Amino acid sequence: MEGPKTIKAPSLERSDLEEITNIRVNLEGWAAQLAAGNASTSFIRELEQHHLVYCAHRRARDSKAKMVANAKFHFTLYAQSKTPRLLAIIDNLWVTIGPTLGLLANRGFDDNDGERFHEAAIAALKERNAAAVQAAIVNDILTARLKILQILKPE
């Protein structure tokens with residue numbers, strides 16, 4: 001805390017990013033895989049709606065709303081895994097990496113990586129292909145990692 005209304009987030013080092021990414025790949029990938037086994041048609045429609053909101057915010061260049069919509073997409077998917085403890089751990093990881101993801105939000109308007117990975121996850125859910133849902137989420141995380149590495153200061 002820097003003041004009564006100011007919280008300063010610690011800067012993320014490359015080693016922190018690598019550790020967090022490895023954990024996220026395993027846990028979020030697993031949650032996505034479990035969610036695929038519980039995916040109903042109405043759940044897939046709900047996820048598609050969250051994706052459309054994400055796309056609209058990206059096109060409107062609204063970085064804050066895009067970040068919120070991205071989190072909503074991911075946590076809606078992970079919640080479908082029906083594993084509340086796993087979800088709590090993932091939430092904690094997002095809190096840790098959130099400020100760094102915020103740096104990307106202002107830079108990622110011209111690519112559609114997030115859209116492609118969300119669409120791949122949705123298509124895989126429709127096919128009931130748990131491994132492909134997992135792969136889409138893992139690829140989303142790993143692509144974000146590469147982008148973050150470009151903006152982090154060298155150790």
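In this report, the structure presented in the accompanying data block is examined. (Residues numbered from 1 in each chain as written. Predicted model: local features only at pLDDT ≥ 70, side-chain atom pairs only at ≥ 80, totals over all residues. Heavy atoms only, no water.)

### Observations regarding the pattern of salt bridges
Enumeration over the complete set of coordinates arrives at seven salt bridges. Of the charged contacts in the structure, one is a salt bridge between Glu-28 and Arg-24, with a shortest N-O distance of 2.6 Å. In this pair, Glu-28 and Arg-24 both sit in helix 1 (residues 14-37), four residues apart, roughly one turn of the helix. Grouping residues by exposure puts Glu-28 and Arg-24 together as buried. (Salt bridge = Lys/Arg side-chain N within 4 Å of Asp/Glu carboxyl O. Helix = DSSP H or I, 4+ residues; strand = E, 2+ residues; numbered from the N terminus. Buried < 20%, exposed > 50% of the residue type's maximum accessible area, 1.4 Å probe, protein only.)

### A closer look at the packing of aromatic side chains
Throughout the structure, instances matching the rule amount to two aromatic pairs. Centroid distance Phe-75 to Tyr-78: 5.8 Å. Interplanar angle 75°. Geometry classified as edge-to-face. Here Tyr-78 and Phe-75 lie together in helix 3 (residues 63-79), a separation of three residues that amounts to about one turn. A centroid spacing of 5.1 Å and a plane angle of 75° characterise the contact between Phe-75 and Trp-94, whose relative ring orientation is edge-to-face. In this pair, Phe-75 sits in helix 3 while Trp-94 sits in helix 4 (residues 84-105), placing the two residues 19 residues apart along the sequence. A relative accessible area of 18% places Phe-75 in the buried class. Its relative accessible area of 11% is what places Trp-94 among the buried residues. By way of ring pairs, the aromatic residues Phe-75, Tyr-78 and Trp-94 are connected into one cluster. A cation over an aromatic ring shows up here: Arg-116 above the ring of Phe-117, its NZ or CZ 5.0 Å from the ring centre. (Phe/Tyr/Trp six-rings, centres within 6.5 Å; stacked < 30°, edge-to-face > 60°. Lys NZ or Arg CZ within 6 Å of the ring centre and 35° of its normal.)

### Remarks on the packing of helix 1 against helix 3
Where helix 1 contacts helix 3, the axes come no closer than 7 Å and their chain directions differ by 60°. Viewed along their axes, helix 1 and helix 3 adopt a mutual orientation that is oblique. Facing Glu-28, Ala-31, Ala-32 and Ala-35 of helix 1, the residues of helix 3 in contact are His-74, Leu-77 and Tyr-78. Of the residues in the contact of helix 1 with helix 3, the class split is five nonpolar, one polar and one charged. (Axes fitted to C-alpha atoms, helices over the stretch in contact; angles between N-to-C directions. Parallel < 35°, antiparallel > 145°, perpendicular 65-115°, else oblique. Contact = heavy atoms within 4.5 Å. Nonpolar A, V, L, I, M, F, W, Y, C, P; charged D, E, K, R; others polar.)

### Some words on helix 5 (residues 113-126)
One turn of an α-helix holds 3.6 residues; hence residues three or four places apart share an orientation. Here helix 5 is 14 residues long and its end C-alpha atoms lie 20 Å apart, about the 20 Å a rise of 1.5 Å per residue gives. Residues Asp-113, Gly-114, Glu-115, Phe-117, His-118, Ala-121, Ile-122, Ala-124 and Leu-125 constitute the buried set of helix 5. Of the surrounding elements, those touching the buried residues of helix 5 are helix 1, helix 2 (41-59), helix 3 and helix 6 (130-151). (Expected span 1.5 Å × (residues − 1).)

### Some words on helix 3
With 17 residues, helix 3 extends 24 Å between its outermost C-alpha atoms, agreeing within 8% with the 24 Å of an ideal straight helix rising 1.5 Å per residue. Along helix 3, the positions that sit buried rather than exposed are Ser-63, Ala-65, Lys-66, Ala-69, Asn-70, Phe-73, His-74, Phe-75, Thr-76, Leu-77 and Tyr-78.

### Description of the nonpolar core
Counting 37 residues, the largest nonpolar core has Leu-77, Tyr-78, Ile-90 and Leu-125 as its most contacted members. Taken together, the elements giving at least two residues each to this core come down to helix 1, helix 2, helix 3, helix 4, helix 5 and helix 6. If we ignore the near neighbours within four places in the chain, the residues touching Leu-77 are Ala-32, Ala-35, Phe-43, Leu-47, Leu-125, Val-133 and Ile-137. (Core = buried A, V, L, I, M, F, W, Y, C linked by side-chain atoms within 4.5 Å.)

### Some remarks on the environment of Ala-35
With respect to the helices, strands and loops of the structure, Ala-35 is situated in helix 1. Taking the C-alpha atoms as reference, Ala-35 lies 4.6 Å from Gln-80; in sequence the two are 45 residues apart. Dropping the residues within four chain positions of it, Ala-35 is found in contact with Leu-77, Gln-80 and Ser-81.

Shape descriptors only; they carry no functional weight alone.
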